[in-house]
Amino acid sequence: MKNLKKTLALVAALAMSATALYGCGEDSSSSSKKDSSSVADSSSKDASSSESESSSESKAAAEVPELKDDGDKLTILCWNADDSQPMVDLFCEKKGYKPDQIEIKNFKVQGGQAAEQYTAYLDEATNDADLMFLEADWCLQFINDDTQTAPVESLGFKEDDFSALYPYVLEIGKSTTTGALKGVSWQSAAGGYCYREDLAEKFLGVKSPEEMQAKVADWDKFEATAKELSDKTEGKTALSATLGGVWQVYSGSRPTAWVDEDNKLVVDDYCSDYAEYAKTLWTNNYVTHVAQWTDEWKPLGQSDDVMGYFVSTWGFGDTILGAAAGGEGGKTFGMWKCVTGPTNFYWGGTWFAPAARCDNKTMAKEFIEFFTTNEDTAEAYALSKGEYMSNKNVMEKIIKDKSYKGAPVLGGQNQFEVLNEVAQGIDMTGKITPYDSVIKTEFSNAVQEYAEGTYATAEEALEAFKANVAGKITELNWD
Amino acid sequence: MRSSAQNKIRSISYAKYGYMFILPFFIIYFIFQLFPLFNTFKLSLYGNGDAATNTFVGLQNFSDLITGDGNISVVAQHKNVIRVFQNTIILWFGNFIPQLALSLLLAVWFTDINLKIKGKTFFKIVMYLPNIVTAASVAALFLMLFSKTKYGPINSLLMDLGMEKPIDFVRDKWNSRFVIMFAQTWMWFGNTMIMLMAAIMGISPSLFEAADIDGANSRQVFTRITVPLLRPMVIYVMITSMIGGLQMWDIPYLYKEGTTYNRNTETIAVYIYNHFHNVPHNYGYSAAASVILFFVTAILGSICFIMNVDKDAVARKKQIKEAKKQMKMQRKSSFGGF
């Protein structure tokens, strides 16, 4: 009797603690249930993924690690299913795979938080991963880490295979330490300047996108046009919605990398030039004082206070411009036109990279091919999703065939023609560092503060910028 | 000699089962609280940046943060920490003092038998409501109301009333702090009020009645009866609010424009968060800042506690002790004198 009571109490206590902990283990337990066989396979045969020690060995040994091909499921890591689900659906449909042969490991977080989720997930050596979706801002964190990602060569690609892709897309997918191509993107996020046709005609006498482009062809002309517009409207209408938008574009014109070979932050004339430029735009109300991604940002598009937005491939729908115009049937819907603007720029984008523990080499290769080098399937995806692909042949074919009519918010113009031009002109060679995201944010903050009057001179603002970066990145060379 | 039956009875200890039932709490506590706590201490002794995360650096992070003796990066760390501590203290004082004053006043009013306030329950609920709303929503609400451009509700109202330029409530140093203090006060005064009311209602009504009969006015009642007897609750409110205030994160973090953050409202917790999630991860500095925060909280908490110890009670205890001692001595000496 006594023993029975004891056992009962123990069982009850264990049951309680087990249920309490249940929630925490849910993710891994459900995934391991699904691909338990593949885990068993990989742990017994796959040396490269089993232990972190061996993967650090492979880092030292060979540049192109051998990947396994015996996993039964292609596991894709991503942070939402907006892209991955339609991609997998189309891939399965065209290639004859069953949907259950691909597992989308969706972390359901914002892009910015995905990096930490991935790291935690990959820390567990038995967790399966074949392909990883990486966001532009932090993709280098994984691409530079040979224990996490593998070069595309290890899947059987040669670099020439991707010659049809826009060069900047490949540039970003390269490791900055070894130079190996590890990530490719199926999309291109090139952007242009979108303006209100009616306001441009009324105040600037502009009748076509070509004429408009001539007025914003470089940053001096952009400022002159902003002045002209401001004078005509008594300071009511701004040429660009936000200073942040201008920075997004201006940052594309930086001629050098932010960090030089000596691992030092480069603060040069470019920085002071932009600080002064931004101050001019801000104090003269050539931009509104609204910030990007605030609640007031998009509704500006329906007032006459703003003539233009800088928009990238993904921003023609509800993300930016469509919503700014008030949605389908909105006040200014269909009254916008797109031009290449002062500088070629890209804004974000998602890359996929093979995981170092990939055990579905063939399928991973097919998947990447399907959306990048295979022009037929890439075109099919572009048309089904309205996506701007990274393969320029595909995009040129779509433009030539007129199979895509352009975003409805542009009222008949096909933005792809403009963006194709921009995407080819983006040159990122040698300008990428793993710190870009932090540095650019701090720089734009410092310039914003300078424009608002927190700092008296541009030099002070740049000193503050330098100190702020120093406060964030300790591993740079700070004398 | 005990019988065997007696022995058996003694050996049945029910406490054991009790321990088993509270075991789950401790397991969870160890995994999710105690382990991270120790891990933070450990991390604070390791390096920063992705390359140096596993390098042991001893107390370097602490000396960097506290003295700022080194290159521009170290100086920046030091300045940042000083700045965020200042911000935190300003924001805490700015919300705690009006909050305590307001809730004390309301608590006294609501518990006063002579004041016949109608709809007490209604007001109590309404005043407590802001506390139910998540901080995230509160931040979003205030951000929307106090938008700094002419399109924001408050600004457009002020401009309709004749103001010329919109006021920058979001990025300006003191305006943004003021809005955050106000939001914090608005969120928490109901909660503090309920706690103080509970304490006031715990005071024996006979004291108030006696004061009434003796002809004390309401100010005297407040300063001589309510406040002294409220002391334990005020200590409690102060300590909890201080811990919460030092760890203030949500509203300061979310009350910012778009994606740019405001240096003047960055609290320690926001600093820790930002450095932890920075892309070259600064685990060392954020952990060291957490440890400093831990000690600061502990020290301030103890000071609060010591300051509020009832001195009369301590003195009385001492007296009793003294008296006992004397009695003993007396008894001894009287024995000796026999």
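How each quantity is defined
- Residues numbered from 1 in each chain as written.
- Chains lettered and ligands numbered in written order.
- Predicted model: local features only at pLDDT ≥ 70, side-chain atom pairs only at ≥ 80, totals over all residues.
- Heavy atoms only, no water.
- pLDDT = per-residue confidence, 0-100.
- Contact = heavy atoms within 4.5 Å.
- Buried < 20%, exposed > 50% of the residue type's maximum accessible area, 1.4 Å probe, protein only.
- Helix = DSSP H or I, 4+ residues; strand = E, 2+ residues; numbered from the N terminus.
- Pairing = 2+ DSSP bridges.
- Polar contact = N/O pair within 3.5 Å; in protein donor to acceptor, adjacent residues only side chain to side chain.
- Core = buried A, V, L, I, M, F, W, Y, C linked by side-chain atoms within 4.5 Å.
- Patch = residues over 30% accessible without salt bridge, like charges linked within 9 Å, V, L, I, M, F, W, Y side chains within 5 Å.
- Areas by Shrake-Rupley, 256 points an atom, 1.4 Å probe, with all protein chains shown as cover.
- Salt bridge = Lys/Arg side-chain N within 4 Å of Asp/Glu carboxyl O.
- Lys, Arg positive; Asp, Glu negative; His and termini not counted.
- Charge placed at Lys NZ, Arg CZ, Asp CG, Glu CD.
- Nonpolar A, V, L, I, M, F, W, Y, C, P; charged D, E, K, R; others polar.
- Bend = angle between axes of the 7 residues up to and from the residue.
- Right-handed = clockwise from strand over helix to strand, strands pointing away.

Novice: What is the right way to read the confidence of the model for chain A from this model?
Specialist: A low pLDDT score tells you not to read the predicted coordinates there in detail. A residue-level look at chain A finds 87% of positions with pLDDT of 70 or above and a mean pLDDT of 85. Confidence drops under pLDDT 50 across residues 20-62 of chain A; counting only partners more than four residues distant or on other chains, this segment forms 37 contacts.

Novice: Looking at this structure, how should I read the pairing of strand 5 (residues 308-312) of chain A?
Specialist: Strand residues, when the strand is regular, have side chains that alternate between the two faces of the sheet. All names here are of chain A. Of all 5 residues making up strand 5, 5 are buried, and the element is well covered by its neighbours. By the alternation rule, side chains of strand 5 split into G308, F310 and S312 and Y309 and V311, which are all buried. Where strand 4 (residues 190-196) meets strand 5, 5 bridges bridge the pair, whose relative direction is antiparallel. Pairing of C194 across the sheet is with Y309, part of strand 5.

Novice: Explanation requested: the side chain of B:S73 in the structure shown.
Specialist: Tracing the chain through its elements places B:S73 in helix 4 (residues 72-111). A relative accessible area of 3% means that B:S73 is categorised as buried. There is a polar contact of 2.8 Å between the side chain of B:S73 and the backbone oxygen of A:A470.

Novice: Looking at this structure, I do not really get the nonpolar core. What am I missing?
Specialist: The nonpolar side chains of a soluble globular protein tend to be buried, and buried together. Of all hydrophobic cores here, the largest spans 154 residues; its most connected members are A:Y118, A:Y193, A:M212, A:M307, A:Y309 and A:F367. A per-element tally of this core places helix 13 (residues 269-283) of chain A first, with 8 residues. Dropping the residues within four chain positions of it, A:F367 is found in contact with A:L74, A:I76, A:M87, A:V88, A:F91, A:L131 and A:F352. Counting 38 residues, the second largest nonpolar core, distinct from the first, contains B:V84, B:M193, B:M238 and B:L246.

Novice: How should I be thinking about a negative patch on the surface in this particular structure?
Specialist: Residues and elements named next belong to chain A. Taken together, the side chains of D269, D273, E276, E459 and E460 make up a negatively charged region of the molecular surface. Only helix 13 and helix 20 (458-472) provide two or more residues apiece to the negative patch. Looking at the negative patch, the element that brings in the most residues is helix 13, giving 3 residues. The residue E276 is located in helix 13 in this model.

Novice: Hey, could you run me through the interface of chain B and chain A in this one?
Specialist: Interfaces are often sized by the accessible area lost when the parts come together. In this assembly, 41 residues from chain B lie in contact with 44 residues from chain A. Residue B:K148 is joined to A:E452 by a salt bridge in which the shortest nitrogen-to-oxygen separation is 3.4 Å. Remark: the boundary between chain B and chain A carries 10 residue pairs in polar contact (both at pLDDT 80 or more). Of all the secondary structure elements, the ones that give two or more residues to the side of chain B that touches chain A are helix 2 (15-43), helix 4 and helix 12 (268-277) of chain B. For the side of chain B that touches chain A, the class distribution of residues is 17 nonpolar, 17 polar and 7 charged.

Novice: I would appreciate a short explanation of unusual backbone geometry in the present structure.
Specialist: It is generally the case that most residues other than glycine have a negative phi and that most peptide bonds are trans. Residue and element names in this part refer to chain A. For K108, which is not glycine, the phi torsion reads 50° and is therefore positive. In this fold, K108 is placed in the loop between strand 2 (102-106) and helix 6 (111-123). Of note, the phi angle at K402 is positive, near 55°, even though the residue is not glycine. Mapped onto the fold, K402 is located in the loop between helix 17 (392-401) and helix 18 (415-425). Residue K402 is classed as exposed on the basis of its relative accessible area, which comes to 54%.

Novice: When you look at helix 2 of chain B in this model, what are you seeing that I'm missing?
Specialist: In an α-helix, one turn spans 3.6 residues; hence positions three or four apart end up facing the same way. By the largest-angle criterion, B:F30 marks the main kink of helix 2 of chain B, which is about 45°. Where helix 2 of chain B is concerned, the buried positions are B:Y17, B:M20, B:P24 and B:L34.

Novice: Looking at this structure, I do not really get the environment of A:V64. What am I missing?
Specialist: Residues and elements named next belong to chain A. By the element assignment, V64 lies in the loop between helix 4 (52-61) and strand 1 (74-78). Classification of V64 by relative accessible area gives partly exposed; the value is 36%. Note: C-alpha distance between V64 and A291 (227 residues apart in sequence) is 45 Å.

Novice: Is there a simple way to explain a nonpolar patch on the surface in this structure?
Specialist: Residue and element names in this part refer to chain B. Residues Y19, I22, F25, F26, F30, I31 and F32 make up a contiguous nonpolar surface patch of about 730 Å² in total accessible area. Position of I31 among the secondary structure elements: in helix 2. Looking at I31, the relative accessible area reads 40%, which means it is partly exposed.

Novice: In this structure, what is going on with the pairing of strand 1 of chain A? I would like to understand it.
Specialist: All names here are of chain A. Within strand 1, 5 of the 5 residues are buried, leaving the element largely enclosed by the surrounding structure. The alternating pattern of strand 1 places L74, I76 and C78 and T75 and L77 on opposite faces, both of which are buried. In this view, the connection linking strand 1 to its parallel neighbour strand 2 by way of helix 5 (residues 81-95) has right-handed handedness.

Novice: Where do I start with the environment of A:A226 in this structure?
Specialist: All names here are of chain A. Position of A226 relative to the elements: it lies in helix 11 (residues 219-232). Taking the C-alpha atoms as reference points, A226 and Y286, 60 residues apart in sequence, are found 5.6 Å from one another. Residue contacts for A226: discarding those within four places in its chain leaves L239 and Y286.

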